[in-house]
Every structure is written in structure tokens, then in C-alpha cells.
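Each chain is listed here by its residues.
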Amino acid sequence: MKRMTIKPIASMIAIVLVAAFANSAMAKKKNVTPLKETLGKYFTVGVAVNVDQVNGLEPKAVDIITTHFNSVVAENCMKPENLEPAEGKFSFEEADRFIEFAQERNLEIIGHVLVWHDQNAPWMFVNKGGELPNREEMIQRMRTYINTVVGHFKGKVKGWDVINEAILDDGSYRESPWLRAIGPEYFELAFKFAHEADPDAELYYNDFSMSKPGKRATVVKLIKKLKAAGCRIDAIGLQSHNGTDYPDLTEYENSIRAFIDCGVKVQFTELDLNMLPNPEGFGGASITQNFEFQEKYNPYAKGLTKEAQQLFNERYLAFFALYNKYRDHVRRVTLWGVCDHNSWMNNWPIPGRTNYPLLFDRKYQPKPVINDINKIFSE
């Protein structure tokens, strides 16, 4: 593991204060109040950060991160395939740089993700015979991975997405290798292992399409089951990879209220807005979806039309109005990316498109809707 350079405490504080003052002044000079100054009165305001930004290759994006956000999550470098690419061979270099990046800027750190069916190294779900390991071996692999990773970052990470995307839209459990090898008990085991590794860390369940009634009902049952088993669960993450006509806002709000009624916080963990038309068969937010490029699915290659821009504004304001309505129960709102040009939605579910899903444009400029979002929380 690469040894981290520890700066003197006084120097670190000075750097943070000078940077915060300069960036805040810069934002206000552009007549945009930093999001963390308005929304941050009620919940943390986060953003997903990539390794180029951490490594200083995108300084304008770093200015935005420091100015507008007080929480960060790693887009990819803390996922299992990156942290344990080979069995027993952990690689923390990139993740440690991300942690140091956040600490130097006094940003809350969220860990994403411990247990998932995607973005694992191939060895995780295969034994020496090339088959799925038995129950005992898979439990041991889970325990070892969680104990090592959470233990490595103990005291640095505020909270963890313990399990990601484990429930289908109809409310049935996803037939992941974890479920097939261990059974439904793997939910409880994962939360218990994470709590044992860092008793002070918050623990979350995170998933997409959370407005679906079937999924909502199962997540409610899961919360109650985990609590009955003595597990710590602090919040539910509603991945909000939203579109111009989905999710249904009434059902979205119904899920918010249902989870709050279970005694947990809600957080909107991967917020963005798909402005492009969807191919037939598209749905949810599974990264495995991949459709062929066609020009009809890329109508805004040269920019949004006036009508599309108005729709963008209306949809974002509708979601933030809900976040304001339930702000006493919201733990965090996190944008999935800094600027339009580095959003995953340019290449998902169709590669090579030009999308406009975030609050900062391709020139690192804040979009006017930010002023209106701030107004919602200032009234």
C-alpha cells in the first residue's frame, strides 16, 4: 500500500479555509450561491468524484466540488473489482488518494459499495472448480472482504452503501450469486459484518427504481427485518437516475414516506436526469443494458432546444421541491457526476450520445436552475 503523506494539521486547516473562501467568493461573483450554503442547512450535498479529478487532471471540476458540495462518493475506485482484483490481493492506492483528496477539503466521505452483483472481480463468485462456492465459503468471502475494506477505512468513511441493487422492480430478490450461495440471510450478514468492522459508520441499503410499488414493499419489509435482527440501518438510498417522464412523482413520494415511516432517513444517492429518448426495452438503471446507437436517440448533439431546457428545469425543480418537503428526514442528496461531459449517461444505455443530466455544463458553468433550486430552500 502506498504510504500517504500527512500534512501538518495547521497547514491543512489553512488550506481548507483559504480554498473555501476563494471558491465561495468565486461562485457568488457569478451570482450563484453554493448549493451547500442553502441545501446544506438541512442535509449534506454530495457529488460522485472520479480518479482524474482526484489526481488533479480536471482542476475546474475540483473547484466546483470544493465550492458547491460538502460530501463525496467515489464513482468507481471503491467498488469491489478495484479494491480486491485478486483473492487476498487488496489494492487501496486509488481509494486512499480519494480519501486524502476529501480530507484535505473537509468533505464527508461515503463508501460505495460493499456487496453488489456487478463490478466484482471474477474470482469472487468462482471456486477452484469453476463453480459458485458453497454457502460457508461465500459467507467467509463476504466477511473477509467487508472486514478488510471497512476496517481499512475505519474512522474516515461516514457511511457505507452496504448492499446495492439487490431487489427487482416487482419486489422479488435479485438472483445474485450472493443470494444463490447464501440465501436471504446474506442481507443480515452483510450489515452485521459492516457494523462489526466499524461500529461508528452509518449503514445504508441503496437501489434504483425505488418508486415501483413492488420494490417499495420489499424494501419496507427488509428494513423491518434488519431492525428486528438487531442490525444497524441508518438510511435508504433512492438512486435517482431520473428521466423526463420517469419516475412517477406520486409513487416516488410514496416511497419516500414509506421509508421514513420505518424509522430511517432517506437519501437521494445518484441523482441525474436523462434528457434523451429511451430505446424500446430500456428500464431501471442496470449497467448491463447496452443498445445500438441510432441518430434518433441522440437528438440534442448540438445542445438542448428551448423546450427541452425548460423540461430539464421543471423536472429538477419538482424533485428538489420534494427533497425540501421532507428535508427533516433527508440524510443526503448526491449528484452522480460533476459536469455533463463526464456523466456516465453519455454512454449508457447507448454509447456515444450527448446528454445533459447534471447541474454544471460542459464548460464547467453552473446552470441557471441552480438559482431556482436555492430559492426553494431559502423561502
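Let us look at the structure shown here. This structure is a prediction, so every number in the text was calculated from the model and none was measured.

## Observations regarding the overall build of the protein
Helix and strand counts for the protein come out as 13 helices and nine strands. The C-alpha atoms of the protein give 20 Å as radius of gyration, which agrees with the globular expectation for 379 residues (21 Å, within 12%). Along the three orthogonal principal directions, the C-alpha set of the protein runs to about 60 × 55 × 40 Å. The buried share of the protein, taken over its 379 residues, is 55%. If you take every contact in the protein between residues at least 6 apart in sequence, the share linking residues at least 24 apart comes to 78%. Counting only carbon and sulfur atoms, one obtains 51% of the accessible surface of the protein, whose full area is about 16,400 Å². Side-chain charges of the protein comprise 46 positive and 48 negative groups, with the mean position of each set lying 4 Å from the other.

## Describing the nonpolar core
Core analysis: the biggest nonpolar cluster contains 109 residues, and W160, Y205 and Y323 have the highest contact counts within it. At eight residues, the largest contribution of residues to this core is made by helix α9 (residues 185-197). Excluding anything up to four places from it in sequence, W160 contacts M78, G111, H112, L114, V149, V150, F153, A201, E202, L203 and Y204. Within the second largest apolar cluster, twelve residues are counted, among which are V73, F208, A235 and M345.

## Here's the deal with the pairing of strand β9 (residues 330-335)
β9 sits mainly inside the fold: six of its six residues count as buried. Direction of pairing for strand β8 (residues 265-274) relative to β9: parallel, over a ladder of four bridges. Bridging from a neighbouring strand, Q267 pairs with R332 of β9. With helix α12 (residues 306-325) bridging β8 and the parallel β9, this β-α-β connection has right-handed handedness.

## Let's talk about the packing of aromatic side chains
What the rule picks out here adds up to 17 aromatic pairs. Here the aromatic rings of F153 and W160 are separated by 6.2 Å at their centres, their planes lie at 50°, and the arrangement is tilted. Exposure class is identical for F153 and W160. Each is buried. Measuring from centroid to centroid gives 6.3 Å for Y316 and F320, while their planes differ by 25°, and the two rings are stacked.

## A short note on the pattern of salt bridges
Side chains that differ in charge, positive against negative, can pair when their charged atoms come close. Evaluation of the coordinates by the stated rule reveals 13 salt bridges. Among the ionic pairs, R216 bridges to E251, the shortest N-O distance being 2.5 Å. Note that R216 is positioned in helix α10 (residues 213-228) and E251 in helix α11 (residues 249-261), a separation of 35 residues in sequence. In this structure R216 comes out as buried when scored by relative accessible area, which is 13%. Linked by salt bridges that have partners in common, E108, E202 and R331 make up one network.

## Brief notes about the packing of helix α7 (residues 135-152) against α9
α9 packs onto α7 with a crossing angle of 30° between their chain directions and a minimal axis gap of 9 Å. One way to sum up the angle between α7 and α9 is to call them roughly parallel. Considering the relative orientation of α7 and α9, their crossing is right-handed. On α9, the residues that touch R135, I139, M142, R143, I146, N147, V150 and G151 of α7 are E185, Y186, L189, A190, F193, A194 and A197.

## Focus: the pairing of β8
In terms of burial, β8 is largely enclosed, as nine of its ten residues are buried. With three bridges joining them, strand β6 (residues 235-238) and β8 adopt parallel strand pairing. In the strand pairing of β8, A235 is matched with K265. Two strands pair when backbone bridges link them, and strand β7 (residues 241-243) and β8 are joined in this way by three bridges, in the parallel orientation. Within the sheet, the bridge partner assigned to H241 lies in β8 and is D272.

Calculation criteria
Residues numbered from 1 in each chain as written. Predicted model: local features only at pLDDT ≥ 70, side-chain atom pairs only at ≥ 80, totals over all residues. Heavy atoms only, no water. Helix = DSSP H or I, 4+ residues; strand = E, 2+ residues; numbered from the N terminus. Rg over C-alpha atoms; globule rule 2.2 N^0.38 Å. Buried < 20%, exposed > 50% of the residue type's maximum accessible area, 1.4 Å probe, protein only. Contact = heavy atoms within 4.5 Å. Areas by Shrake-Rupley, 256 points an atom, 1.4 Å probe, with all protein chains shown as cover. Lys, Arg positive; Asp, Glu negative; His and termini not counted. Charge placed at Lys NZ, Arg CZ, Asp CG, Glu CD. Core = buried A, V, L, I, M, F, W, Y, C linked by side-chain atoms within 4.5 Å. Pairing = 2+ DSSP bridges. Right-handed = clockwise from strand over helix to strand, strands pointing away. Phe/Tyr/Trp six-rings, centres within 6.5 Å; stacked < 30°, edge-to-face > 60°. Salt bridge = Lys/Arg side-chain N within 4 Å of Asp/Glu carboxyl O. Axes fitted to C-alpha atoms, helices over the stretch in contact; angles between N-to-C directions. Parallel < 35°, antiparallel > 145°, perpendicular 65-115°, else oblique. Left-handed = near helix turned anticlockwise from the far one by under 90°.

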